[in-house]
Amino acid sequence: MIVVVIAALSLLVATEPFEDLTLRLSQEPTDVACEQMETWVAQHHDRDDAARGLLWIARKRLDDRDRDAARAALARGTSGRGRFGAEATRLLSAMDVEDGRFDDATELAARLDAS
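Residues numbered from 1 in each chain as written. Predicted model: local features only at pLDDT ≥ 70, side-chain atom pairs only at ≥ 80, totals over all residues. Heavy atoms only, no water.

Peer 1: Whenever I open this one, the overall build of the chain confuses me. Can you help?
Peer 2: When helices and strands are counted, the chain shows 7 helices and 0 strands. Mapped in sequence order, the helices and strands of the chain form the string α-α-α-α-α-α-α. Per-residue burial for the chain yields a buried fraction of 37% across its 115 residues. Once local pairs closer than 6 in sequence are excluded, the contacts in the chain between residues at least 24 apart make up 45%. Roughly 7,000 Å² of accessible area belongs to the chain as shown, and the carbon and sulfur atoms make up 56% of that amount. (Helix = DSSP H or I, 4+ residues; strand = E, 2+ residues; numbered from the N terminus. Buried < 20%, exposed > 50% of the residue type's maximum accessible area, 1.4 Å probe, protein only. Contact = heavy atoms within 4.5 Å. Areas by Shrake-Rupley, 256 points an atom, 1.4 Å probe, with all protein chains shown as cover.)

Structure follows, in structure tokens:
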């Protein structure tokens, strides 16, 4: 029975539009929501939407004041293409400035400028 529930949830996460997914996950505790979003990101790793999911995770972690987890999600998101990868790079660079990591922020800004 548990396998059937897990399979059904996996299918739901795989086919659910991103906006519906985030609305549903916003009702869950942060750790549960981020774990489910990680599953979605893994299923969409070959699309720009993966970076979108990582941005969502980073924002949820920042809401909980978990800067390390947010930074990790953003760092993964910077490898994404398109606007979501660029947004992850911008947010990570801003965190670097806030945290006094100016060399890292400069490197990220140069990467954005080159793209």
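Peer 1: Explain a negative patch on the surface to me, please; I cannot follow it from the model alone.
Peer 2: A cluster of like negative charges, contributed by Asp63, Asp64, Asp66 and Asp68, occupies part of the molecular surface. Within the secondary structure, aspartate 63 sits in helix H4 (residues 49-63). With relative accessibility at 62%, the residue aspartate 63 sits in the exposed group. (Patch = residues over 30% accessible without salt bridge, like charges linked within 9 Å, V, L, I, M, F, W, Y side chains within 5 Å. Salt bridge = Lys/Arg side-chain N within 4 Å of Asp/Glu carboxyl O. Lys, Arg positive; Asp, Glu negative; His and termini not counted. Charge placed at Lys NZ, Arg CZ, Asp CG, Glu CD.)

Peer 1: Hey, could you run me through the confidence of the model for the chain in this one?
Peer 2: Low-pLDDT portions of the prediction should not be read for the details of their coordinates. A residue-level look at the chain finds 87% of positions with pLDDT of 70 or above and a mean pLDDT of 88. The secondary-structure element of the chain with the lowest mean pLDDT is helix H1 (residues 2-15), recorded at 56, while helix H5 (residues 67-77) shows the highest, at 96. (pLDDT = per-residue confidence, 0-100.)

Peer 1: Help me out: how do you make sense of the pattern of salt bridges in this one?
Peer 2: With the rule as written, the count across this model stands at 13 salt bridges. Ionic pairing is found between aspartate 31 and arginine 61, a salt bridge with its closest N-O pair at 2.7 Å. A residue pair is termed long-range when its members are at least 10 positions apart, and aspartate 31 in helix H3 (residues 30-43) and arginine 61 in helix H4 qualify at 30 residues. Note on aspartate 31: relative accessible area 54%, which makes it exposed. A relative accessible area of 16% places arginine 61 in the buried class. Here glutamate 87 and arginine 90 are joined by a salt bridge, their closest N and O atoms 3.2 Å apart. Here the residue glutamate 87 and the residue arginine 90 both occupy positions in helix H6 (residues 82-98), the gap between them amounting to 3 residues, near one helical turn. Exposure remark for glutamate 87: the relative accessible area of 23% places this residue in the partly exposed category.

Peer 1: Help me understand unusual backbone geometry in this model?
Peer 2: Glycine aside, the phi torsion of most residues is negative, and most peptide linkages are trans. The phi angle at arginine 65 is positive, at roughly 65°, despite the residue not being glycine. Secondary-structure assignment places arginine 65 in the loop between H4 and H5. Residue classification places arginine 65 among the exposed residues on the basis of a relative accessible area of 74%.

Peer 1: How should the nonpolar core be read in this particular structure?
Peer 2: Generally speaking, soluble globular proteins have nonpolar side chains that are buried together. By size, the foremost hydrophobic cluster in this structure holds 23 residues, and its most contacted members are Leu25, Met37, Trp40, Val41, Trp56, Ile57 and Leu74. Of all the secondary structure elements, the ones that give two or more residues to this core are helix H2 (18-25), H3, H4, H5 and H6. Apart from residues no more than four positions distant in its own chain, leucine 25 is found in contact with Ala33, Gln36, Met37 and Trp56. (Core = buried A, V, L, I, M, F, W, Y, C linked by side-chain atoms within 4.5 Å.)

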